Amino acid sequence: MNIRPDSSIKRPDRRGTAALGATHSTSRVKADIVIAGGGLAACVVAMRLAEQGERVALIEAGENICGNHTWSFHRTDLDPSDYRRLGPVIAHEWPGQKVIFPRFTRSLTTPYASITSDALRQAVYATENIETLENMRVEEMRDSGVTLGDGSRIDASCVIDGRGFAPMEGLKLGFQKFVGVEVELGRPHGESVPTIMDASVDQKDGYRFIYVLPLSPTRVLIEDTRYSDEGTLEFEALQSDILAYAANRGWVVKQLIRTENGILPIALAHDAEAHWSRVPSHLAPIGMRAALFHPTTGYSLPIAIDTANLIATLKRPLTTAAVRKAVEEYALATNQQQAFFRFLNRMLFRAAAPRKRYVVLQRFYRLPQALIQRFYAGRIRPTDKLRIVAGKPPVPIQKAVRCVSEARALAGE
Ligand SMILES: Cc1cc2nc3c(=O)[nH]c(=O)nc-3n(C[C@H](O)[C@H](O)[C@H](O)COP(=O)(O)OP(=O)(O)OC[C@H]3O[C@@H](n4cnc5c(N)ncnc54)[C@H](O)[C@@H]3O)c2cc1C
């Protein structure tokens, strides 16, 4: 259990600036666990293992670990113990949430929370057993170590692949794309809880809604989101739509604080068995690299936490093979449980006309709150599935029937 910091491995600046420049060195470092990628899944797993006394090397190709996100979740997505553990990085919490559709507005009492990239980054930097290398690419991964962009190697008994999403054969996708703008307003906005979806807006480019997080009495994060067939983002157009939305709400923008954007995968069909059979045996992927995300929201925080808990229970010393086996089994089981979500996604993307996709969600949000909570947590019951599909479908019946077969969707029909 030994990391040897030397001239090539600089201790990260605890204030969060990129302390590791492109230092080229061939020196070697040893760690128990090396994680390629310093994104959400990698950081959550690294913190969980470091808490158990493991020494973790986290290697991030970008300037900083954790990127530039606001990661949100429903409090009911997590077990209470996981929620408590996440406590120090929770930047905002709200006691409820609401949704707005053309036909109704609904308030829900499900608490909502966000963690920010900055909060998670600082927590990782402050964790004793984690050594972070930024601006450093992992060029090669073996089951016993990695080779970095500067030619140096780090050996470890356990190497985890957290390099983020990569297109996969056998994974058919739609997209959830969005731009978020955090603004300071001239006057209080009067919002006390997040608006998870305001779908009363013009339905262009698929299912479109505005997401509003009130961060302080005068500060809001406003996101324009589209469930679209196209995985391309016109940043300026969405940003100006956001500012138009703010103006329409009577919000006077005093200052633009920051922006964020993303194109998240929405799974329509997934042959996970075939995917895993193609993942080289020396790799142990986690997070998006392992297609571990909620098929309908594209979010992955709760699943990353489950993965961290799973790895935390494995026998020591941890090995790449043991992590690979455990995560593969978990991913295959999760994929089976998610089949119904992919069916609903096919209904949304393939059966509903783009401008009418909102009707599917409008109908869903009339269901009981507890069911909605289980849906977001990815833990729906057989009776929930029946309730979701019962009655007259909100899309043409013939098209809905064609969406039933995942095999057909995989075959591109
Ligand atoms: C703006 C935005 C907002 C979001 N909001 C939410 C939300 O509210 N809730 C939620 O659950 N999800 C949200 N998501 C989705 C969530 O961010 C992703 O699902 C999550 O980041 C995936 O985690 P990951 O660790 O698998 O991959 P990533 O976070 O993408 O991390 C992968 C990391 O690996 C690094 N990397 C890649 N190749 C190499 C290499 N060769 N060597 C070293 N490093 C490498 C990348 O630079 C990157 O930092 C959001 C996404 C975006 C873009």
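Every value quoted in this text rests on a predicted model; they were computed, and no experiment measured them.

(A) Region of interest: the sheet that holds strand β7 (residues 105-108). Pairing within the open sheet is mixed, and its 7 strands lie in the order β7-β6-β15-β16-β17-β14-β18. Each edge of the open sheet is held by one strand with a lone partner, namely β7 and β18 (253-270). Here the strands of the sheet are splayed against their neighbours by 15 degrees on average, with no regard to which way each runs. Of the pairings in the sheet, the one linking strand β16 (residues 207-216) to strand β17 (residues 219-228) comprises 9 bridges and is antiparallel in character. Residue pairing in the sheet places S216 in a bridge with R219 of β17.

(B) Region of interest: the site of the ligand. Inspection of the region around the ligand gives 30 residues, with E60, W71, S72, M288 and S300 positioned closest. Coverage of the ligand by the protein chains reaches 86% of its 990 Å² of free accessible surface. At the level of secondary structure, the elements contributing two or more residues to the shell around the ligand comprise α1 (40-51), β4 (70-74) and β18. Among the elements that line the shell around the ligand, the one with the most residues is β18, at 4 residues. The residue inventory of the shell around the ligand, partitioned by class, reads 13 nonpolar, 13 polar and 4 charged. Counting contributing residues, the shell around the ligand receives three or more from each of domain 1 (1-92 + 113-170 + 271-337) and domain 2 (171-267).

(C) Structural context of the environment of E223. Within the element layout of this structure, E223 appears in strand β17. The class for E223 is buried, based on a relative accessible area of 4%. The spacing of E223 and Y211 is 12 residues in sequence and 5.0 Å in space, taken between C-alpha atoms. Excluding anything up to four places from it in sequence, E223 contacts F178, V179, G180, F209, I210, Y211, I242 and E260.

(D) Fine view of the packing of α1 against helix α3 (residues 117-125). Two elements in contact, α1 and α3, have axes whose closest approach is 10 Å; the angle formed by their N-to-C orientations is 40 degrees. Where α1 crosses over α3, the two elements pack in a sense that is left-handed. Counting all contacts with α1, which are made through L40, C43 and M47, the residues of α3 involved are L120, A123 and V124. Counted by class, the contact of α1 with α3 contains 6 nonpolar, no polar and no charged residues.

(E) α3, seen in detail. For α3, the complete set of buried residues consists of S117, L120, R121, A123, V124 and Y125. On the buried face of α3, the contacting elements are α1, β3 (56-59), β4, β8 (112-116) and β9 (130-133).

(F) Expanded view of the sheet that holds β4. The 3 strands are arranged β4-β8-β5 in an open sheet whose pairing can be described as antiparallel. The open sheet terminates on both sides in strands that have one partner only, identified here as β4 and β5 (90-94). The mean angle between the axes of side-by-side strands here comes to 20 degrees, regardless of whether they run parallel or antiparallel. The sheet contact formed by β4 and β8 spans 5 bridges and is antiparallel. Pairing of S72 across the sheet is with S114, part of β8.

(G) Focus on the pattern of salt bridges. Summed over the entire model, instances satisfying the criterion amount to 29 salt bridges. In this structure, R278 and E169 form a salt bridge, with 3.6 Å as the shortest nitrogen-oxygen distance. Taken together, the residues span a long stretch of sequence, with R278 in helix α5 (residues 272-278) and E169 in the loop between β13 (158-161) and β14 (171-185) at a distance of 109 residues. Classification of R278 by relative accessible area gives partly exposed; the value is 42%. Judged by relative accessible area, which is 59%, E169 ranks as exposed. Bridged by salt links that share partners, the residues E182, E184, R219, R258 and E260 form one connected network.

(H) Looking closely at unusual backbone geometry. Omega for the bond connecting R316 with P317 falls within 30 degrees of zero, at -5 degrees, which places this linkage in the cis form. The residue P317 is located in the loop between α6 (301-312) and α7 (320-337) in this model. Positioned with a positive phi, N135 is a non-glycine residue whose angle comes to about 55 degrees. Summarising the element assignment, N135 is placed in the loop between β9 and β10 (138-142).

(I) Just the domain arrangement of the protein, in detail. Each assigned domain of the protein is listed with its residue range as follows: domain 1 (1-92 + 113-170 + 271-337), domain 2 (171-267) and domain 3 (341-410). The partner domain 3 presents 13 residues to the 15 residues of domain 2 that form the contact. Taking both partners together, domain 2 and domain 3 bury about 1200 Å²; carbon and sulfur atoms supply 62% of that area. Ranking the residues of domain 2 by area buried against domain 3 places K172, Q203 and Y207 at the top, with a combined share of 37%. Inspection of the domain 2/domain 3 interface yields 2 salt bridges. Residue R357 pairs with D229 through a salt bridge whose shortest N-O separation is 3.0 Å. The tally of links between domain 2 and domain 3 comes to 5 residue pairs in polar contact (both at pLDDT 80 or more). Top contributing element to the side of domain 2 that touches domain 3 by residue count: β14, with 3 residues.

(J) Geometry of empty space enclosed by the protein. Evaluation of the coordinates by the stated rule reveals 2 cavities of 30 Å³ or more. The calculated volume of the largest cavity comes to roughly 90 Å³. Residue lining of the largest cavity: 14 residues in total, with H270, A291, N335, Q338 and R342 positioned closest to the centre. Counting only elements with at least two residues in the lining of the largest cavity, the list comes to β18, α5 and α7. Looking at the lining of the largest cavity, its residues break down into 10 nonpolar, 3 polar and 1 charged. Of the pockets and cavities examined, the second largest cavity occupies roughly 40 Å³. What lines the second largest cavity is H74, T76, Q97, L108, T110, I372, Q373 and Y376. For the lining of the second largest cavity, the element with the most residues is helix α10 (residues 369-377), which contributes 3 residues. Per-class residue counts for the lining of the second largest cavity are 3 nonpolar, 5 polar and no charged.

Cut-offs applied
Residues numbered from 1 in each chain as written. Predicted model: local features only at pLDDT ≥ 70, side-chain atom pairs only at ≥ 80, totals over all residues. Heavy atoms only, no water. Pairing = 2+ DSSP bridges. Helix = DSSP H or I, 4+ residues; strand = E, 2+ residues; numbered from the N terminus. Axes fitted to C-alpha atoms, helices over the stretch in contact; angles between N-to-C directions. Near = heavy atom within 4 Å. Areas by Shrake-Rupley, 256 points an atom, 1.4 Å probe, with all protein chains shown as cover. Nonpolar A, V, L, I, M, F, W, Y, C, P; charged D, E, K, R; others polar. Domains from an automatic or database assignment. Buried < 20%, exposed > 50% of the residue type's maximum accessible area, 1.4 Å probe, protein only. Contact = heavy atoms within 4.5 Å. Left-handed = near helix turned anticlockwise from the far one by under 90°. Salt bridge = Lys/Arg side-chain N within 4 Å of Asp/Glu carboxyl O. Buried area = accessible area lost by both parts, 1.4 Å probe. Polar contact = N/O pair within 3.5 Å; in protein donor to acceptor, adjacent residues only side chain to side chain. 1 Å grid on protein atoms, 1.4 Å probe; cavity = no way out; pocket = protein on both sides within 12 Å on 5 of 7 lines; lining within 4 Å. Points joined across faces, edges and corners; volume = space filled by probe spheres on them.

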